[in-house]
Amino acid sequence: MGESLANRIEIRGATRADLGVISRIMNYPPEPPMATMLGAERASRLGDILVRAGINLKLENAVVAIADGKVAGVMECGGGAGPATKASSYLRLLPRVLPALGPVAPRAVYGFWLRRRLQFEPIPDAFAIGELYVDEAMRNRGIGGRLLEHADGIARGNWSRMCIETGVTNPARRLYERHGFKLIEPKTDARYERLTGS
């Protein structure tokens, strides 16, 4: 039997040339709350716009996992990872976002406002993992674990702890727990749950 895939994964800095495949991994299929709120096709198109504009992923803080010569996963970590985007960044995207959303634009604005209320403030002494996605066809093969090990290697010695924010229904929570992450505080909002089903 050959070497396991997890041992053959290369981690390198993400580049502009990777954005197409990164967007596909992050947005196709879309996260269930977004698909419920906007419809799958609109959620994927919106996510693609936000990734390519540098809003849902800060390329300078992102790494990709290469498996069998292809980008199989992506992680954004450190460097203020997370949702710290200025309102002006969203405003300049309106000409592209509004047509993508169509008639669900008001629902999307309300949903994003609710989602923002569920996000945690950055933990000052923690190395943050802002995003971690693995290609749906490559999941459960060690790629997410290798990305977390890479983050741990960066954080070790410089940070007292690491943190990652995730949804309460995210199946990747088991992966995070296997790598030592613990649930600190769940945040819920009944209005967001009604709107998105999660």
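Conventions used here
Residues numbered from 1 in each chain as written. Predicted model: local features only at pLDDT ≥ 70, side-chain atom pairs only at ≥ 80, totals over all residues. Heavy atoms only, no water. Pairing = 2+ DSSP bridges. Helix = DSSP H or I, 4+ residues; strand = E, 2+ residues; numbered from the N terminus. Right-handed = clockwise from strand over helix to strand, strands pointing away. Expected span 1.5 Å × (residues − 1). Buried < 20%, exposed > 50% of the residue type's maximum accessible area, 1.4 Å probe, protein only. Contact = heavy atoms within 4.5 Å. Core = buried A, V, L, I, M, F, W, Y, C linked by side-chain atoms within 4.5 Å.

As a further point, take the pairing of strand β4 (residues 126-134). When strand β3 (residues 70-77) meets β4, the two strands line up antiparallel, connected through 5 bridges. If you follow Glu 76 over to β4, its bridge partner there is Glu 131. Both β4 and strand β5 (residues 161-164) contribute to a ladder of 4 bridges, which runs parallel. Bridging from a neighbouring strand, Ala 126 pairs with Arg 161 of β5. Since β4 and β5 lie parallel, the crossover through helix α6 (residues 143-155) that links them has a hand, and here it is right-handed.

Its 13 residues place the ends of α6 19 Å apart at the C-alpha level, agreeing with the 18 Å of an ideal helix rising 1.5 Å per residue. Along α6, the residues classified as buried are Ile 143, Gly 144, Gly 145, Leu 147, Leu 148, Ala 151 and Ala 155. On its buried face, α6 is in contact with β1 (10-13), β2 (62-67), β3, β4, β5 and α7 (173-178). Positive phi appears at Gly 157, one or two residues downstream of α6, with a value of about 90°.

So, about the nonpolar core. Core analysis: the biggest nonpolar cluster contains 23 residues, and Met 75, Ile 129, Leu 132, Ile 143 and Leu 147 have the highest contact counts within it. Counting residues per element, the ones that place at least two in this core are β2, β3, β4, α6 and α7. In terms of residue count, α6 provides more of this core than any other element does, 5 residues in total. Setting aside its immediate chain neighbours within four residues, Leu 132 contacts Val 74, Met 75, Gly 144, Leu 147, Leu 148, Ile 164 and Tyr 176. In terms of nonpolar packing, the next biggest core, distinct from the first, is built from 20 residues, Ala 43, Ile 55, Ala 108 and Tyr 192 among them.

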